[in-house]
Structures are given as structure tokens and as C-alpha cells.
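# Tertiary structure, described
What follows is the residue order along each chain.
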Amino acid sequence: MAGGSNVSGQQAGAEPRALRRHGADLALFPASGRAVIMSRIVLITGAAGGIGTATAEQFVDAGDTVVVSDLDAIAAERTAEALRVRCQDDQRAWAQATDVADRAAVGTLFEAIRKRHGRLDCAFLNAGIGGGGTPLLETDDAIWDACLRVNLDGTYNCLKQAVRLMLASGGGAIVNNCSILGVNGGASAAYTATKHGIAGLTKSIAVAYSGQGIRCNAVCPGLIDAGLGARTVQAGGAKAEAFIKLHPAGRPGTAVEVANAVRWLCSPESSFVTGELMMVDGGYSAR
Ligand SMILES: NC(=O)c1ccc[n+]([C@@H]2O[C@H](COP(=O)([O-])OP(=O)(O)OC[C@H]3O[C@@H](n4cnc5c(N)ncnc54)[C@H](O)[C@@H]3O)[C@@H](O)[C@H]2O)c1
């Protein structure tokens, strides 16, 4: 098992028996009948940024092994190093720079995961960019193309590889990073279109592969005070205030609050949850 295990609650003298369920390795302790999760192999794309890094920290804290993937090679390596220091284990985080929009590079990433670990238990497909925030007529064609390539093609490229590897290794759990704009309308044409596409892909994969041990869900964050959202929040002013007011919680969310949802959707506790677009939005979509 890569990087040891985080087997907790082990009773003295009880020999664990390995099991594989919900795409994760479990250790079953016959004496107590308890099954606890072992170190999983987790891929996070866009892991060198706000929500991605916060999620990587949670998985590493839980004893998992994290593949830190990002377009920014230096930031990815820095993030992986910080994770290794955090868990004091030089095996439980490694970086691979990958442009998710580059199909060949995504293939290389997954081949590296297969060679190193032989399997993938969880994938948080989080890499994404803004779409300029403009309505259709003001949308620059180059920004439209870039937004589709990274957000939608990038998610598709990673999903295809992740489903293949998970099917070959007993199943797994995928979480896509969508948005409130994957479920609700938004004036930002390019971003809204790509996030609705990710919502559709999430459901399509749930329908097609749940019978083969793959769950696919999405988190739909509202305004988060990290990464892309931090720029809006920290700019302040009337625009930021108006956006925050659309969240009944009266505040932006945090990267940790999104990470909490991702971690749960990857855990055996959500074993019958698939195709779900989980709002992490302080009530934005409940209005
Ligand atoms: N922050 C928010 O308010 C918010 C709200 C809803 C959804 N989201 C979504 O959360 C995800 C993460 O964004 P964030 O807010 O943490 O911003 P961020 O900019 O900090 O993180 C995005 C990461 O993706 C990487 N990236 C960009 N293009 C890439 C590519 N082509 N290939 C690989 N990696 C690439 C960036 O280098 C960066 O590290 C995005 O999908 C975003 O749409 C964010």
C-alpha cells in the first residue's frame, strides 16, 4: 500500500483483512467487524490553487496519497513539497505538471499514475479558469475558446482517463468542480456554458458507470474566498457586496468548506450518492 496506511481504531491483536469496496481499500478487523479505509491514491487537478490545495491538504491529513497536478509546474512542485512536509512522509504527495486541455499530456499523467500505483481511487477534477465574466455579445472569441478548452475539454480529457483506470482497478470516486453557474443561469456566457457542460458530464458518467463501481458527483461552489473568487471578494465595493448578498449565509464560503464536501463525496459514507450536483453555496441556489 503506497505511503503506509491511516488505519485507525485497530484493536490490539486483531489482524486486518484487506477488502476493496467503493473504489477504496478497506481493512476489515474480524474481531470488531469494523472496516476502516486505507491510504487511497487521489488525483487533484488544479491542485496548486485555492480550492485544489485546500482539498489536497485534507486528503493528505486523512492518510491518502495525493497526485498534485497543475499547469503551473513550479507551483505544483511547491504544493507537493508542502504536503510532504505536512504529513512528514515523502511518499504521500508528488507533482506532475499537466495542461488538462492537452490530451496527450493528460494521457502521460495517467500513465505515470498507473505505473507508480497501479490504480486510482479518487479524482477531484478541479482545474478551471474564469470566462471573462461577460455576456454573450461582449465575449471575446479567444476567451470563449480558452474557457471551453480548459474547463470542458480538460474535464472530459481527465474523465476519460480516470474512468478507464478506475474500471481497470476496481472502481473509484470522481468529483468534478462545477459551480453555482453549472446549475443556475449567469450572465457570464463562457463560464456558465462550460460549467453546465460539466454538470451534464457528471450525470452522464453516473448513469453509464455506477454499475461498474464508479461514482461521479460534482461540487457546485458559490462565491469562495479563495482562488478565482478571492479576486472578487478582495476587490470589495458594490459589485462584491451585491454578489455576497445573493448568498443567504451572508458571506463567501471558504476553500475548506468546499474541500469538506469533496472529501465526503469520495468517502464510503456517500456510497449510494452518484450523479449529484452538491451545492456548496450558503443557500444561493435555494432562494
Ligand atoms: N473560487 C470560487 O469562487 C469558485 C466558485 C465556483 C467554482 N470554482 C471552481 O473551482 C475550481 C478551482 O478554482 P479556484 O477558485 O481554486 O482558482 P485557482 O485559480 O486558485 O485554481 C485553479 C488552478 O487550476 C490551474 N489551471 C488553470 N488552467 C489549467 C490547465 N489548463 N491545466 C491544469 N491546471 C490549470 C491553475 O494554475 C490553478 O492552480 C475551478 O474549476 C473554478 O471554476 C471556484
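Conventions we followed
- Residues numbered from 1 in each chain as written.
- Predicted model: local features only at pLDDT ≥ 70, side-chain atom pairs only at ≥ 80, totals over all residues.
- UniProt positions renumbered as here; feature names shortened; annotations may be inferred.
- Helix = DSSP H or I, 4+ residues; strand = E, 2+ residues; numbered from the N terminus.
- Near = placed C-beta within 6 Å.
- Nonpolar A, V, L, I, M, F, W, Y, C, P; charged D, E, K, R; others polar.
- Expected span 1.5 Å × (residues − 1).
- Buried ≥ 20, exposed ≤ 12 C-beta atoms within 10 Å, placed from the backbone.
- Pairing = 2+ DSSP bridges.
- Right-handed = clockwise from strand over helix to strand, strands pointing away.
- Axes fitted to C-alpha atoms, helices over the stretch in contact; angles between N-to-C directions.
- Parallel < 35°, antiparallel > 145°, perpendicular 65-115°, else oblique.
- Contact = placed C-beta atoms within 7 Å.

The name that an unreviewed UniProt entry assigns to the protein is Short-chain dehydrogenase, with the source organism given as Abyssibacter profundi. One UniProt comment on the protein, placed under Sequence similarities (unreviewed entry), says "Belongs to the short-chain dehydrogenases/reductases (SDR) family."

### A few points about unusual backbone geometry
Phi is positive for Gln-88, which is not a glycine, with a value near 50°. If you trace the backbone, Gln-88 turns up in the loop between α2 (73-87) and β6 (93-97).

### What to know about the site of the ligand
Of all residues adjacent to the ligand, which total 29 residues, the nearest are Gly-46, Gly-49, Gly-128, Gly-227 and Gly-229. Those elements that place two or more of their residues in the shell around the ligand are α1 (50-61), α4 (141-168) and α6 (227-235). Broken down by class, the residue content of the shell around the ligand amounts to 13 nonpolar, 13 polar and 3 charged.

### Some thoughts on α2
An ideal rise of 1.5 Å per residue puts 21 Å on 15 residues; α2 measures up with 21 Å between its terminal C-alpha atoms. Of the residues one or two after α2, Gln-88 is the one with positive phi, at around 50°.

### Points about the pairing of β6
Within β6, 4 of the 5 residues are buried, which leaves it mostly tucked inside the rest of the structure. When strand β5 (residues 65-70) meets β6, the two strands line up parallel, connected through 5 bridges. When the bridges of β6 are listed, Val-68 appears paired with Ala-95. Remark: the β5/α2/β6 crossover connection has right-handed handedness.

### Quick word on the sheet that holds strand β9 (residues 214-221)
Across the sheet, which stays open at both edges, the 7 strands sit in the order β6-β5-β4-β7-β8-β9-β10 with parallel pairing between neighbours. Sheet topology places β6 and β10 (277-280) at the edges, where each strand pairs with a single neighbour. Within this sheet the neighbouring strands show an average axis-to-axis angle of 20°, counted without direction. Pairing between strand β4 (residues 41-45) and strand β7 (residues 122-125): 3 bridges, direction parallel. Among the inter-strand pairings, Leu-43 is bridged to a residue of β7, identified as Ala-123.

### Some details on the packing of α6 against helix α7 (residues 237-245)
Between α6 and α7, the least distance of the axes is 7 Å, while the angle of their chain directions is 120°. In terms of orientation, α6 and α7 fall into the oblique class. Contacts between α6 and α7 involve Thr-232, Val-233 and Ala-235 from the first element and Gly-237, Ala-240 and Phe-243 from the second. Class assignment for the residues of the contact of α6 with α7 results in 4 nonpolar, 2 polar and no charged.

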